[in-house]
Amino acid sequence: MSGLKTPSGRLKRDVIPGFGLSMGVTLTMLSLIVLIPLASVPLVLKDYSLSEFWRVVTDRQTIATYKVSFSCAAAAAVINVFFGVLLAWVLTRYKFPGRRILDGLIELPFALPTAVAGVALTTLYSERGWIGYLFSKIGVKISYTTTGITIAMIFIGIPFVVRSIQPVLENLDPQYEEAAATLGASRARIFTSVVVPEILPAALTGFALAFARAIGEYGSVVFIAGNIPYRTQITPLMIMNKLEQFNYPAAASIALVMIVFSFLVLFGVNILQSKISEISRGS
Amino acid sequence: MGSKAIKIALILLSASFVTIMLILPLVTVLTYSMRQGWRIFVSYITDYYTIKALNLTLLAAAVTLAVNTVFGIFSAWSITKFRFRGKQALTTLIDIPFSISPIIAGLVFILIFGRIGWAYPLMEAWNVKIVFAVPGIVLATVFVTFPFVSRELIPLMQSQGSEEEEAAALMGASGFLIFRKITFPHIKWGLLYGVILCAARALGEFGAVSVVSGHLRGKTNTLPLHVEVLFNEFKLTASFAVASILVVIAIIVLILRNIVEYRLKREDG
Amino acid sequence: MKRSILSKTIAGALLLTGVFTAFAGFASDNAAGKISITNVSYDPTRELYEQYNKLFRAYWLREKGQEVEITQSHGGSGKQARGVIEGNEADVVTLALEGDVDEIRKAGLIDAGWVKEFDKNSAPYTSTIVFLVRKGNPRNLKDWDDIIKPGVEIITPDPKSSGGARWNFLAAWAFSDRKNGGNEEKNKEFLKALFANVTVLDSGARGSTTTFVENGQGDVLLAWENEAFLSQKEHPGDFEIVTPSLSILAQPSVAVVDVYARKHGTEEAAKAYLRYLYSDEAQRLEGRNYYRPSNPNILREFKDAFNLDVKLVNIDDEFGGWDAAQAKFFADGAIFDEIYRRR
C-alpha cells in the first residue's frame, strides 16, 4: 500500500529506531573516506600567504578557465535535465521494442574510461567523424570548441539525471495520472500538476550532480577541448598545469576554489530539494 | 493528435538522443579496436598484463561495491527517517566526491599517505604501503563512487515519506524488522540501480586511480589505466581493444540487472 | 534501549575501522632469492624497455648468476616524476627530461651530481624535434620559417602541461635566435606567430598526435622524432617526417633513485641496469626503437633512418640548462604566458 499519504499525522518526535547505529556508521565512513582526506588539501597551503593564494586563483588565465568550465557545465546540465526527464519518462511509462536496450545503455558513460570516451567523442565530432562531417557542411565546428566541451559534459552527465528521476517515476503510481485524466485534466496539465512536483526534487539532484561532475571532469573533456588559453581551457587543466610544474600549493588553491564552489551549488540544491519535497507532501 | 502520436514522438526523440550521444561513440570505439583485424584484437585482449589489470579492476570494484552499499543504506536511512539539525550539510558532504575533480580525489590520498603526506612516517613504521599499491587504488575507487548508492536511495526514500515506518515503530517493531519488511521492498529497485551505477563507475574510474597508482605494470595497473598507457604509447588500436573489454563487462552487468529486475518484478506481480 | 544504541554505534564504528585496517594490511612486494627492480619511465618507451629488460636479464644472469625481475611503469614524464617524489618507490627512473629527474633530486631522493654519474650527461639515447606532415607535404613545409606563415595550421602539445612540448618551443626559439641575431623581441614575435598558428593545444604529446593523425587537424605536427616514427609505423604511407635545418638535442635522462635503491638493497643492480644501456647491443636496440644512440659509431649504423645533417643545439649551451630555461620561458607569467597574453 504505497498510496497511503495522509497530510496530517506528522509526528513531533522520531519514533523509528536505529538512529544511533545508522548515524554512527554514516559519520564514521564519511569521515574516513571523505572528510579527513579532504581536510588534507588546506594543509598543503599552510606556507602560502593569502595574497599569494588570491593571486593564483584570480589570475586572468585562470578566471578565463572558470568561465569556460562553469558556462559549459551549466549548459550541459540544463540539456541533460531536459533529455533526462524525457528518457526516464519514456523508459518507465511506455512499452516498446528495444526499451531494455535503451535502458541498459544509459550507464555507458560510466563504464567507458574517460580517456577513451574523450578520444571517441573527439573523433566523432571532428570533421573526419560521422557527426562532425555533417556539421562541417553547414560550417559548424564542434570538436576543439566550447560546443565540443559541452557535448563531452552532456555525455558524462546524462546517467546522473536519468537514474535520479527513474526510480521516482517508477514509484509514482500511474493511477494518479489516470485519475486526473478521468477528471478531464489535459495531458499538459497532468504533467505539470501531478508529475512535475513529484520528480522535481530528483530532477534537481540530477541537475546538481551532472553540473558538479561536469565541472570536475578532466579525462574526457581535455581531448575535445582544444585547450587554447583564454578560449577553450578548462579549470581542471589549470590544476594539471600547476602540478606539471610541481607547484602543489597553486594546484591545491585552484582545487580549493572548485571544491568550495561545488559545495555551495550542491548545498543550495539540497536545501531547495528538501523544501520542495516537504511542500509536495502537502504540509 | 492522439496519445499514440505523442508516445511515438517521445520515443523517437529519446532514441535519437541515445544514438547520437551514446551509441555512436561506442561504435567508434569498437570500429577502432577492430581496425587491425580479429586476430590482433584477440592478442591484445589476452595479453598477460591486460588480464592482470582486469583482475585488479574487478577486485577494486568488488570491494567498492561492498563498502558503498553498506554506506548507502545506513546514510539514506539516517537522513530520510529522522529529523536532525545539519541534515542539509550532511547530505551535501556526502555528495562532495561527485563534484571533486578526479585529479584532486587522487591527490588527497597522496597528501595523506604519500611521501609528502602526514601519515607517511606511520606507514613506514608499520611497513604498509597504501598509495602506489593496491589499497590506494581501492581507496580512490571507493572515494569517487562513494555517494552513488546513497544518492540513489535518498530522493526515493524522501518521496516515500516515513509514515509507514513510524506506524510500525509505534507498534513496537525493531529497526531491522522495519527496514526489512517495509522500507526494503520499496527501495529495492533504487538500491539495485545505485549498485549497478556504482559498479559501472568503479570499473571505469580513471582519473583518481591514475594519480595514486604509479602505473606499475602487472601490479597496480587497472584496466582503464592500461587503456591510457597503451594509448600514450601510440597504440591506439590496442588501447581501444582493451577498452572494449570494459564495454563488454558493462553490458554483461546491465543484462544481469535486467534479468534480476524482471524476475523480481514477476514475483511481486 | 538507550545504552544499546550507543554500544551499537561504537560497534559499527569499530567494525568499519577494522575492515579498513585489514585492507591496509595486505602490503607490498618482496621476492626471495631473486632481485626485483622497478623502472619508472615515460610513455613511448614501453617497447624499448620490454626488449631491453630481456637483454639485461640475460646479461645479469650471465654476470652475477642472479635472476632479476623488472617492473615497468609508464606515464607522462612529469607525472611519473611526481609519483616517485610522492612515494612510488622506483629503483631507477628513465624519464623524458633532465628537469623531471632533477625535481626528484630536489626532493632529496637522488644524490647530487647524478647528471655525471653515467656517460653523456646520463642520456644513453637522444632524440630531436621534427615536423610530421601529410603525405607529399602539400604545404611544402621545410623549416621553421615556413610553419609560421599565416594560414599554416600547427598542432603541438601545451608546454605548460607537457614536458616534452617544451623542446618544441625551445627548438623554435633557437632557430629564431640564430636568424634574428639574438634579438629577444624578434624571438618573441616569432614564437607569437608560431602559436597564433596553433589550432589545437593538447595537454600531452599523444593527444596532439591523435588530433593530427586520427582527426585530421592541422598541416604540421611538432613532435619528437621517435614519436613521429611511431605514428608513421601505425599509419604507413600517410605521413612524412621533415627535419628542419636546426633543431634541439632532446636528451631523455636516466638516474638511480638512490634513496629507494638503498632501501631495497638494489643499488648495484640498478646501476648496472642503467650502465648497460650504453653497451653496443643496447645501443642498437635503442636505434631500432627510433631513438638516436648516443654512441656515435652505432648512430652511424642508422644513418638511413635518421637525418644526421640537422644541426642540433643543446640546452646547456643554448639556454644555460633546464632550470634557467624553465624559469625564463615556462614558469607562470614567463615568456610563454606573455605570448598568449599579448594577443
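### Quick notes on the interface of chain C and chain B
Right, so step 1: At the interface, 39 residues of chain C touch 34 residues of chain B.
Right, so step 2: For the pair chain C and chain B, the summed buried surface comes to about 3,500 Å²; carbon and sulfur atoms form 55% of the total.
Right, so step 3: On the chain C side of the contact with chain B, Arg46(C), Glu86(C) and Arg206(C) bury the most area, a combined 21% of that side's loss.
Right, so step 4: Across the chain C-chain B interface, the total number found is five salt bridges.
Right, so step 5: Salt-bridge contacts for Glu50(C) lead to Arg217(B); the nearest nitrogen and oxygen are separated by 3.3 Å.
Right, so step 6: There are 16 residue pairs in polar contact (both at pLDDT 80 or more) connecting chain C and chain B.
Right, so step 7: Ranked by the residues each element gives to the side of chain C that touches chain B, the list is headed by helix α3 (residues 77–86) of chain C, at five residues.
Right, so step 8: When grouped by side-chain class, the residues that make up the side of chain C that touches chain B number eleven nonpolar, 15 polar and 13 charged.

### A short note on helix α4 (residues 98–106) of chain C
Residues and elements named next belong to chain C.
Right, so step 1: Buried residues dominate α4, accounting for seven of its nine residues.
Right, so step 2: Three or more residues of α4 are buried, namely Glu98, Gly99, Asp100, Val101, Asp102, Glu103 and Ile104.
Right, so step 3: Buried residues along α4 sit in contact with α3, β3 (92–94), β10 (254–256) and α16 (322–330).
Right, so step 4: Just beyond α4, the residue with positive phi is Gly108, at close to 90 degrees.

### A short note on the interface of chain A and chain B
Right, so step 1: Taken residue by residue, the interface counts 103 residues in chain A and 108 residues in chain B.
Right, so step 2: At the junction of chain A and chain B, the tally comes to zero salt bridges.
Right, so step 3: Between chain A and chain B we count five residue pairs in polar contact (both at pLDDT 80 or more) in total.
Right, so step 4: The element that contributes the greatest number of residues to the side of chain A that touches chain B is helix α1 (residues 19–44) of chain A, accounting for 19 residues.
Right, so step 5: Across the side of chain A that touches chain B, the residue classes tally to 68 nonpolar, 20 polar and 15 charged.

### With respect to the domain arrangement of chain C
All names here are of chain C.
Right, so step 1: One can read the domain layout of chain C as domain 1 (35–123 + 251–301) and domain 2 (127–250 + 310–341).
Right, so step 2: In this structure, domain 1 and domain 2 have C-alpha centres spaced 27 Å apart.
Right, so step 3: Taken together, the contact between domain 1 and domain 2 spans 16 residues of the former and 19 residues of the latter.
Right, so step 4: Taken over both partners, the interface formed by domain 1 and domain 2 buries close to 1,500 Å², and the fraction arising from carbon and sulfur atoms is 56%.
Right, so step 5: Of all residues in domain 1, Gln251, Tyr290 and Arg292 bury the most surface against domain 2, accounting for 47% of the area lost on that side.
Right, so step 6: Viewed at the interface, domain 2 and domain 1 are joined by three salt bridges.
Right, so step 7: It is α4 that contributes the most residues to the side of domain 1 that touches domain 2, four residues altogether.

### A few points about the pairing of strand β4 (residues 125–134) of chain C
All names here are of chain C.
Right, so step 1: With ten of ten residues buried, β4 is to be regarded as a mostly interior element.
Right, so step 2: Alignment of β4 against strand β11 (residues 292–293), held across two bridges, turns out to be antiparallel. Along β11, the bridge assignment pairs Thr126 with Arg292.
Right, so step 3: Where β4 meets strand β7 (residues 220–224), five bridges bridge the pair, whose relative direction is antiparallel. Paired with Val130 across the bridge in β7 is Ala223.
Right, so step 4: Pairing geometry for β4 and strand β8 (residues 239–242), over four bridges, is antiparallel. Bridge pairing in β8 places Phe131 opposite Val242.

### A look at the nonpolar core
Right, so step 1: In terms of nonpolar packing, the biggest core is built from 191 residues, with Ile165(A), Phe113(B) and Phe143(B) touching the most fellow members.
Right, so step 2: With 15 residues, the top contributor of residues to this core is helix α3 (residues 60–93) of chain A.
Right, so step 3: Mapping this core onto the domain boundaries places at least three of its residues in each of domain 1 (1–33) and domain 2 (38–268) of chain B.
Right, so step 4: Counting residues in hydrophobic clusters, the runner-up holds 71 residues, among them Ala171(C), Leu201(C), Tyr276(C) and Tyr278(C).

### Examining the sheet that holds strand β1 (residues 35–42) of chain C
Residues and elements named next belong to chain C.
Right, so step 1: One open sheet accounts for four strands, arranged β2-β1-β3-β10; its pairing is mixed. Across the chains shown, the open sheet's two edge strands, defined by having one partner strand only, are β2 (68–75) and β10. Direction aside, neighbouring strands of the sheet carry axes that sit 20 degrees apart on average.
Right, so step 2: Where β1 and β2 come together, eight bridges link them in parallel fashion. The residue bridging Ile37 from the neighbouring strand is Ile70, located in β2.
Right, so step 3: Its contacts with the sheet put helix α2 (residues 46–64) on β1, β2, β3 and β10, and the angle it makes with β2 is roughly 165 degrees.

### Focus: the pattern of salt bridges
Right, so step 1: The tally for this structure, following the rule as stated, stands at 33 salt bridges over all chains.
Right, so step 2: Among the salt bridges present, the one from Asp103(A) reaches Arg163(A), with a minimum N-O distance of 2.9 Å. With Asp103(A) in helix α4 (residues 99–105) and Arg163(A) in helix α8 (residues 146–171), the pair connects residues that are 60 residues apart, well separated along the chain.
Right, so step 3: A relative accessible area of 0% means that Arg163(A) is categorised as buried.
Right, so step 4: For Asp111(C), the salt bridge is made with Arg262(C), and the minimal N-O distance between the two is 3.4 Å. Of the two residues, Asp111(C) is situated in the loop between α4 and α5 (119–122) and Arg262(C) in helix α11 (residues 258–264); the sequence distance between them amounts to 151 residues.
Right, so step 5: The partly exposed category is assigned to Asp111(C), whose relative accessible area is 32%.
Right, so step 6: Overall, Arg262(C) belongs to the partly exposed group, its relative accessible area being 42%.
Right, so step 7: Beyond isolated ion pairs, a larger network of salt bridges with shared partners links Lys242(A), Lys160(C), Asp332(C) and Asp337(C).

Analysis parameters
Residues numbered from 1 in each chain as written. Chains lettered and ligands numbered in written order. Predicted model: local features only at pLDDT ≥ 70, side-chain atom pairs only at ≥ 80, totals over all residues. Heavy atoms only, no water. Contact = heavy atoms within 4.5 Å. Buried area = accessible area lost by both parts, 1.4 Å probe. Salt bridge = Lys/Arg side-chain N within 4 Å of Asp/Glu carboxyl O. Polar contact = N/O pair within 3.5 Å; in protein donor to acceptor, adjacent residues only side chain to side chain. Helix = DSSP H or I, 4+ residues; strand = E, 2+ residues; numbered from the N terminus. Nonpolar A, V, L, I, M, F, W, Y, C, P; charged D, E, K, R; others polar. Buried < 20%, exposed > 50% of the residue type's maximum accessible area, 1.4 Å probe, protein only. Domains from an automatic or database assignment. Pairing = 2+ DSSP bridges. Core = buried A, V, L, I, M, F, W, Y, C linked by side-chain atoms within 4.5 Å. Axes fitted to C-alpha atoms, helices over the stretch in contact; angles between N-to-C directions.

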